[in-house]
Amino acid sequence: MKAGLFFDINAKMTSRIPPLLEPYLALPPEASLILLTGVLGASTNWLVLRYLHSTLLRQDGLSEITHQSEDKVLLISFMRDFAFWKENGRRLGIDFDKLVTKKRFAFLDGLTGLFLKAPQKPSSTKGGGVVLSKSDLASVHEEIRQALESLKGREDAEDKVLLVVDQIDLLLAAGGDGITANRLIEMLMGLREHVYAIVVTLYADYPLLGSHQTPLETDHAALLLSLAHQADFTMSLRLLDSGTARDVSGVVRITVGDHAAEDVQGLHKRIEERELLYFVGGDGGVKVFERGQ
Amino acid sequence: MSFRKRSVNVGDGGGSIAKDKILSTGTRPSPLDGRPTTSTGTRSLDSLLAGHAGLVLGNSLLVEETGTTDFSGTLLRYYASEGILQGHHVHVLGMHEGWARDLPGLSGESSSIRTEEKRASDEKMKIAWRYERLGEFGAGARDRPFSNNTTSASQTQTVFCHDFDLSKRLVIPSSAQIQFVPASARQSLDFTDTELGISPFTTFLNHLATHLSAAATAVHRIIVPSLLSPALYPPQGSKPEYVLQFLHALRALLRQYPANLTAMITLPLTLYPRITGLTRWMELLSDGVIELAPFPSSAIPIKAASNASTSQEEPPQGMMRIHRLPVFHEKGGGGGESSGFGDDLAFSLSRRKGLVIKPYSLPPVEGDEETPQRGIEHDHGKATKVDIEF
């Protein structure tokens, strides 16, 4: 009876992560960079949530034995507020509020106050999210550093902090002349020294990359290409090339990065390049399957 | 989840006692997940929004249009009229008061269309009432209004989406909360001022922030007609840092007031084509993106002449494409009910029915066109007639 119940819970937990994506969503090796790209109509949100889920709610035996090291996540989102992540996280069983109080999760809100100079309502309703209020790169960097330090806590702790940067390309597009692709790449590189691994989401729409006519487009292409070359692997989402279908939301393509060949940590053993279809249901559940399945 | 849906539906359609007190006028819970929605003033557009049967509050809609026509402006006017009739606060950017004089008025209650629709809704099996809104798109194609079904169920319930008549003008009551904020085209001769670069959107954002915090319980509608049109905005407005910051701030406001605010923005695509990065960013920052592509004007009268005789349906005046839907695509895109995303849609604008969006189907070929009208037995006769004319 007891064993059956346990099995049930386990089955439920694993079903949140699509089995075909499990190797890609597991906590990556140290110092890796994972790039997620999306386009208009195929957002990376569900994939980010799966990363948060697999990092924060790992129920395997390892984390129970070594209590010293906990996997933590710092999420910075420039396009979505905390309410969005909380609502959709709840469907996956992630209780962000509880994780915030346990100091396993922190949220930096790059939407609410970034370009809105209006007097903010007291952040009691937000619940744990720090609101970025200045859009220049130095203060954004500083806020991230502070959030990282408060998340890490003790110096000697061996906590693994996964940094998830959601849509930092907005800062590049809307931030004005002060923010260039190079400075943004440098900032991300600097941040990588302080975290265990980093997940970055960017837009990869053709109009943003195809024509290099305006600074907006050239900067975006520079950022994306540079990060794509640095990345250990890239998961790019796009819409179905052959039009829309009722039971397919889009295509996810996994591309192994430049470094995979000389990788000694065995990442390349887990990561193989492939192209899969996915479907996000109305309840937030995701199905990932091969073509023709 | 299924529990929540059910309770919402019962509260909305059947009882409507407890819910009405909580919900503001002109809003109703979405049949999908219970989020409050409001009407865009155009029924067939409401029905396209991924099964929510309305624009979910806290979301924005970007309506793009190619060419020199102003169908998107008509959509905006319906949206504004609906807001005024529902007692919502309406904020318009870049226009002056004269814009409000052209808002469409309510169509007469005694029109024959309406009684016909009433009859149709009465004929419906009562058991289907809670499913019919899910199949709202199909209903929209037959121009069966949604609100009538609910009003027939309980006459006292407020109308969600009114019927407008383009030939009538809306008499704006003095109590209406409609405000016009000019895009601050402060053309100062002082060079330092332009160097510093003052965004033309700051006054509007400040206006919104103060009004939203002042009337936090009311429902607000933001209307931005032809964004970045050079007739309304100073040239520096199209700098990405200004317009994208504005849209980002608007997004922040929408999220900050998730139960009080919706926005509709129109964008002239001819000036800002979709292949540019700037337009793509504007689309990415909006929650819903639809594109109107009117047919060339010369094509309309021909089609009207050939089509109007065979069917009562309006000839399509243009194509519509949905690029993104509120809530639906933010979650990942999938599982919505009859979204119309990716389908070929056509729209037609008529005086009484407003803008009607329906799946596009090619009109029958010229030769076949006459057959349904004359009947099969006349088919042979028709052929000989043609022969005789030769």
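Since the structure is predicted, the reported quantities are computational estimates derived from the model, not experimental observations. (Residues numbered from 1 in each chain as written. Chains lettered and ligands numbered in written order. Predicted model: local features only at pLDDT ≥ 70, side-chain atom pairs only at ≥ 80, totals over all residues. Heavy atoms only, no water.)

**Remarks on the overall build of chain A**
Piece 1. Summing up its helical and strand segments, chain A has twelve helices and ten strands in all.
Piece 2. Scored against the burial criterion, the 293 residues of chain A give a buried share of 54%.
Piece 3. Considering only contacts in chain A between residues 6 or more positions apart, those separated by 24 or more positions represent 72%.
Piece 4. Accessible area of chain A: about 13,300 Å², with a carbon and sulfur share of 54%. (Helix = DSSP H or I, 4+ residues; strand = E, 2+ residues; numbered from the N terminus. Buried < 20%, exposed > 50% of the residue type's maximum accessible area, 1.4 Å probe, protein only. Contact = heavy atoms within 4.5 Å. Areas by Shrake-Rupley, 256 points an atom, 1.4 Å probe, with all protein chains shown as cover.)

**Structural notes on the pattern of salt bridges**
Piece 1. Within the structure shown, the criterion is met by 25 salt bridges over all chains.
Piece 2. With a shortest N-O distance of 2.9 Å, Arg-253 of chain A and Glu-275 of chain A are connected by a salt bridge. A residue pair is termed long-range when its members are at least 10 positions apart, and Arg-253 of chain A in strand 8 (residues 250–256) and Glu-275 of chain A in strand 9 (residues 274–280) qualify at 22 residues.
Piece 3. A salt bridge links Arg-321 of chain B to Glu-291 of chain B, with the shortest nitrogen-to-oxygen separation between them at 3.6 Å. With Arg-321 of chain B in strand 12 (residues 318–324) and Glu-291 of chain B in strand 11 (residues 288–294), this residue pair connects regions lying 30 residues apart in the sequence.
Piece 4. Several salt bridges converge on common partners, so that one network encompasses Arg-80 and Asp-166 of chain A together with Arg-251, Arg-255, Asp-287, Arg-324 and Glu-330 of chain B. (Salt bridge = Lys/Arg side-chain N within 4 Å of Asp/Glu carboxyl O.)

**A short note on the sheet that holds strand 1 (residues 27–29) of chain B**
Residue and element names in this part refer to chain B.
Piece 1. Sheet architecture is open: three strands sit in the order 1-2-3, paired in antiparallel fashion. Looking at strand neighbours, the two that pair on one side only are strand 1 and strand 3 (55–56), the edges of this open sheet.
Piece 2. Strand direction decides the pairing type here: strand 2 (residues 36–38) and strand 3, joined by two bridges, are antiparallel. Bridge pairing in strand 3 links Thr-38 to Leu-55. (Pairing = 2+ DSSP bridges.)

**Regarding the packing of helix 3 (residues 45–56) of chain A against helix 5 (residues 82–92) of chain A**
Helix-helix packing is characterised by the crossing angle of the two axes and by the distance between the axes.
All names here are of chain A.
Piece 1. Where helix 3 meets helix 5, the axes come as close as 10 Å, and the angle between the chain directions of the two elements is 65 degrees. The hand of the helix 3/helix 5 crossing is right-handed. Contacts between helix 3 and helix 5 involve Asn-45, Val-48, Leu-49, Arg-50 and His-53 from the first element and Phe-84, Trp-85, Asn-88, Gly-89 and Leu-92 from the second. (Axes fitted to C-alpha atoms, helices over the stretch in contact; angles between N-to-C directions. Left-handed = near helix turned anticlockwise from the far one by under 90°.)

**Regarding the nonpolar core**
Piece 1. In terms of nonpolar packing, the biggest core is built from 84 residues, with Leu-74, Phe-78 and Ile-144 of chain A together with Leu-227, Leu-244, Phe-246 and Trp-281 of chain B touching the most fellow members.
Piece 2. Grouped together as the second largest cluster of nonpolar side chains are 44 residues, Val-39, Leu-47, Leu-56 and Val-280 of chain A included. (Core = buried A, V, L, I, M, F, W, Y, C linked by side-chain atoms within 4.5 Å.)

**Regarding the interface of chain B and chain A**
Piece 1. Between chain B and chain A, the residue contacts involve 36 residues of the former and 46 residues of the latter.
Piece 2. Per-residue buried area on chain B facing chain A is highest for His-248, Trp-281 and Lys-331 of chain B; these three make up 20% of the total on that side.
Piece 3. Note that Asp-205 of chain A is salt-bridged to Arg-280 of chain B, the shortest N-O span being 2.4 Å.
Piece 4. Linking chain B to chain A there are ten residue pairs in polar contact (both at pLDDT 80 or more).
Piece 5. Put simply, the parts of the chain that give the side of chain B that touches chain A at least two residues each are helix 11 (202–214), helix 12 (240–256), helix 13 (277–285), strand 12 and helix 15 (328–331) of chain B. (Buried area = accessible area lost by both parts, 1.4 Å probe. Polar contact = N/O pair within 3.5 Å; in protein donor to acceptor, adjacent residues only side chain to side chain.)

**Describing the side chain of His-207 of chain B**
Residues and elements named next belong to chain B.
Piece 1. The residue His-207 is located in helix 11 in this model.
Piece 2. Judged by relative accessible area, His-207 falls into the buried class, the value being 14%.
Piece 3. Of note is the side chain of His-207, whose polar atom sits 2.9 Å from the side chain of His-91.
Piece 4. Apart from residues no more than four positions distant in its own chain, His-207 is found in contact with His-91, Gln-179 and Val-181.

**Section: the packing of aromatic side chains**
Piece 1. Under the definition given, this model contains 14 aromatic pairs over all chains.
Piece 2. With a centroid separation of 6.0 Å and an interplanar angle of 25 degrees, the aromatic rings of Phe-82 of chain A and Phe-105 of chain A are classed as stacked. Pair noted here: Phe-82 of chain A is in helix 5 and Phe-105 of chain A is in strand 3 (residues 105–109), with a separation of 23 residues, a long-range link. Each of the two residues, Phe-82 of chain A as well as Phe-105 of chain A, counts as buried.
Piece 3. Aromatic pair Phe-201 of chain B and Tyr-233 of chain B: ring centres 5.7 Å apart, planes at 40 degrees, arrangement tilted. (Phe/Tyr/Trp six-rings, centres within 6.5 Å; stacked < 30°, edge-to-face > 60°.)

**Details of the sheet that holds strand 4 (residues 59–65) of chain B**
Residues and elements named next belong to chain B.
Piece 1. Ordered by their spatial adjacency, nine strands build an open sheet running 8-5-9-10-4-11-12-13-14, and the pairing between neighbours is mixed. Where the open sheet ends on each side, the last strands, each with one partner, are strand 8 (178–181) and strand 14 (354–359). Within the sheet, the average angular offset between the axes of one strand and its neighbour, ignoring direction, is 20 degrees.
Piece 2. With respect to the sheet, helix 13 is in contact with strand 4, strand 10 (261–268), strand 11 and strand 12, its orientation differing from that of strand 4 by roughly 145 degrees.

**Some remarks on unusual backbone geometry**
Piece 1. One non-glycine residue, Lys-103 of chain A, lies in the positive phi region at around 60 degrees.
Piece 2. Structurally, the position occupied by Lys-103 of chain A is in the loop between helix 6 (96–101) and strand 3.
Piece 3. By relative accessible area, which is 42% here, Lys-103 of chain A ends up partly exposed.
Piece 4. One non-glycine residue, Val-327 of chain B, lies in the positive phi region at around 65 degrees.

**As for the confidence of the model for chain B**
Piece 1. Per-residue confidence for chain B averages 74 on the pLDDT scale, and 65% of its residues sit at or above 70.
Piece 2. Segment residues 4–21 of chain B: pLDDT under 50, and 27 contacts once partners within four positions in sequence are set aside and those in other chains are kept. (pLDDT = per-residue confidence, 0-100.)

**With respect to the confidence of the model for chain A**
Piece 1. Overall, the predicted model of chain A reaches an average pLDDT of 82, with 82% of residues at or above 70.
Piece 2. Under a pLDDT of 50 for its full length, residues 60–66 of chain A has, in the predicted model, two contacts with residues more than four places off or in other chains.

**Here we look at the side chain of His-89 of chain B**
Piece 1. Tracing the sequence through the fold places His-89 of chain B in strand 5 (residues 89–93).
Piece 2. With residues up to four places along the chain from it excluded, the contact list for His-89 of chain B reads Gln-177, Ala-215, Ala-218, Val-219, His-220 and Arg-221 of chain B.

**Thoughts on the packing of helix 11 of chain B against helix 12 of chain B**
All names here are of chain B.
Piece 1. With their axes 11 Å apart at the nearest point, helix 11 and helix 12 run at an angle of 5 degrees to one another. One finds that helix 11 runs roughly parallel with respect to helix 12. Counting all contacts with helix 11, which are made through Phe-204, Leu-205, Leu-208 and Leu-212, the residues of helix 12 involved are Phe-246, Ala-249, Leu-250 and Leu-253.
Piece 2. Tallied by class, residues from the contact of helix 11 with helix 12 come to eight nonpolar, no polar and no charged. (Parallel < 35°, antiparallel > 145°, perpendicular 65-115°, else oblique. Nonpolar A, V, L, I, M, F, W, Y, C, P; charged D, E, K, R; others polar.)

**Quick notes on helix 11 of chain B**
Residue and element names in this part refer to chain B.
Piece 1. Taking 1.5 Å of rise per residue, the 13 residues of helix 11 would be expected to cover 18 Å, and the 18 Å separating its terminal C-alpha atoms lies within 8% of that figure.
Piece 2. Where helix 11 is concerned, the buried positions are Phe-204, Leu-205, His-207, Leu-208, Ala-209 and Leu-212.
Piece 3. Check the buried side of helix 11 and you find it contacts strand 5, strand 8, strand 9 (220–224), helix 12 and strand 10. (Expected span 1.5 Å × (residues − 1).)

**Things to note about the pairing of strand 12 of chain B**
Residue and element names in this part refer to chain B.
Piece 1. Counting buried positions along strand 12 yields six of seven residues, so the element is predominantly enclosed.
Piece 2. When strand 11 meets strand 12, the two strands line up antiparallel, connected through six bridges. Looking at the pairing, Leu-292 lines up with Met-320 of strand 12.
Piece 3. One ladder, built from three bridges, connects strand 12 with strand 13 (residues 345–350); its direction is antiparallel. If you follow Met-319 over to strand 13, its bridge partner there is Ala-346.

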